[in-house]
Amino acid sequence: LGDLNQAQDTLKRLMQPLMAWVTENENETSGYSIAPGPRAHHLIGLVPNNRTPEEMLQMAKTLEDMGIYIAVRCGGFRIAPYVTTTKEDVEKLIEGLNVVSGQLR
């Protein structure tokens, strides 16, 4: 149980920059919000504002081309960090989200 708690704490710390980025950008038309609802502690539902499902699929494809893998689920992106996720991975995700936030408009 100790290892599980440690892994959960590590993931929470790693995701703090992403959560701060979402908070800073959530009021913008091209921003994001966190999807409400119950989910596993390590999953984040990130909802792009004012995007069609087709645009979201294109955004996910662009991120994939950048080596960033996320899933499109129920009107949002599912971010699923794992114990191997690094600070650099989170920074790369934020950079990629900044890129795709400006596209298609």
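Keep in mind that what you see is a predicted model, and the values were worked out from it rather than measured.

Engineer: Where do I start with the pattern of salt bridges in this structure?
Structural biologist: Pairing is possible between side chains that carry opposite charge, provided their charged atoms lie close to one another. Under the counting rule described, the total for this entry stands at one salt bridge. For D65, the salt bridge identified is with K61, shortest N-O distance 2.7 Å. Taken together, the positions of D65 and K61, both in helix α2 (residues 53–65) and four residues apart, correspond to about one turn of that helix.

Engineer: I'm lost on unusual backbone geometry in this one. Help?
Structural biologist: Leaving glycine aside, a negative phi is the common case for residues, and trans is the common case for peptide bonds. Even without a glycine there, the phi angle at N50 is positive, about 55 degrees. Accessibility expressed as a relative area gives 53% for N50, which makes it exposed. At C74, a position not held by glycine, the phi torsion is positive, near 50 degrees. If you trace the backbone, C74 turns up in the loop between β3 (71–73) and β4 (76–79).

Engineer: Any chance you could explain α2 here in plain terms?
Structural biologist: An α-helix turns once every 3.6 residues. As a result, residues three or four positions apart point the same way. Between its first and last C-alpha atoms α2 spans 18 Å; for 13 residues at 1.5 Å apiece the expected length is 18 Å, and the two agree. Tucked into the core, α2 has its buried residues touching β1 (32–34), β2 (44–48), β3, β4 and α3 (87–101).

Engineer: Hey, could you run me through the pairing of β4 in this one?
Structural biologist: Every other side chain in a regular strand lies on the same face of the sheet, so the side chains alternate between the two faces. Note: β2 against β4, three bridges, orientation antiparallel. Note that in β4 the partner of G45 across the bridge is R78. Pairing geometry for β3 and β4, over three bridges, is antiparallel. Residue V72 lies in a different strand from β4, and its bridge partner there is F77. In this structure, the hairpin formed by β3 and β4 is closed by a connection of two residues, where C74 is found at a positive phi of approximately 50 degrees.

Engineer: Please clarify how the sheet that holds β2 should be interpreted in this entry.
Structural biologist: Whether parallel or antiparallel, the strands of a sheet pair through hydrogen bonds between backbone atoms. Strand order in the open sheet made by the four strands is β1-β2-β4-β3, with antiparallel pairing throughout. Two strands lie at the open edges of the sheet, namely β1 and β3, each paired on one side alone. Sheet twist, expressed as the average angle between the axes of neighbouring strands with direction ignored, equals 35 degrees. Most of the contacts of α2 go to β4, to which it runs at about 35 degrees, and overall it touches β1, β2, β3 and β4.

Engineer: Sorry if this is basic, but what is going on with the packing of α2 against α3 here?
Structural biologist: Angle between the axes and distance between the axes: these two values describe a pair of packed helices. Remark: α2 packs on α3, axes separated minimally by 10 Å, with the N-to-C direction vectors making an angle of 135 degrees. Comparing their axes, α3 and α2 come out oblique. Relative to α3, α2 is oriented so that their crossing is right-handed. Contacts between α2 and α3 involve M59, T62 and L63 from the first element and G96, L97 and V100 from the second. Along the lines of polarity and charge, the residues of the contact of α2 with α3 split into four nonpolar, two polar and no charged.

The rules behind the values
- All residue numbers refer to positions counted from 1 along the written sequence of the respective chain.
- Reporting of local features is limited, given that this is a predicted model, to residues whose pLDDT is at least 70; pairs of side-chain atoms are given and counted only at 80 or more, and all residues count toward the totals for whole chains, interfaces and linings.
- Here the side-chain values reflect all heavy atoms present in the structure, with hydrogen atoms and water set aside.
- Any carboxyl oxygen of Asp or Glu that lies within 4 Å of a side-chain nitrogen of Lys or Arg is treated as forming a salt bridge with it.
- The way it works is that DSSP assigns letters per residue, a run of H or I at least four long becomes a helix, a run of E at least two long becomes a strand, and they are numbered from the N terminus.
- Buried means the residue's accessible area, taken with a 1.4 Å probe over protein chains only, is under 20% of the maximum for its type, while exposed means over 50%, and partly exposed covers the values in between.
- Between the first and last residue of a helix there are one fewer steps than residues, each counted as 1.5 Å, and that sum is the expected span.
- Between two residues, a contact is recorded if the distance between any of their heavy atoms is within 4.5 Å.
- Each pair of strands is called paired provided DSSP finds at least two bridges between the two strands.
- Axis geometry follows a simple rule: fit a line to the C-alpha atoms, using only the stretch in contact for helices, then measure angles between N-to-C directions, giving values from 0 to 180 degrees.
- We call two directions roughly parallel when the angle between them is under 35 degrees, roughly antiparallel when it is over 145, roughly perpendicular when it lies between 65 and 115, and oblique otherwise.
- If you view the pair so one helix is near and one far, a crossing is left-handed when the near helix is turned anticlockwise from the far one by less than a right angle, and right-handed when it is turned clockwise.
- All amino acids are sorted into three groups, where Ala, Val, Leu, Ile, Met, Phe, Trp, Tyr, Cys and Pro are nonpolar, Asp, Glu, Lys and Arg are charged, and the leftover types, Gly among them, are polar.

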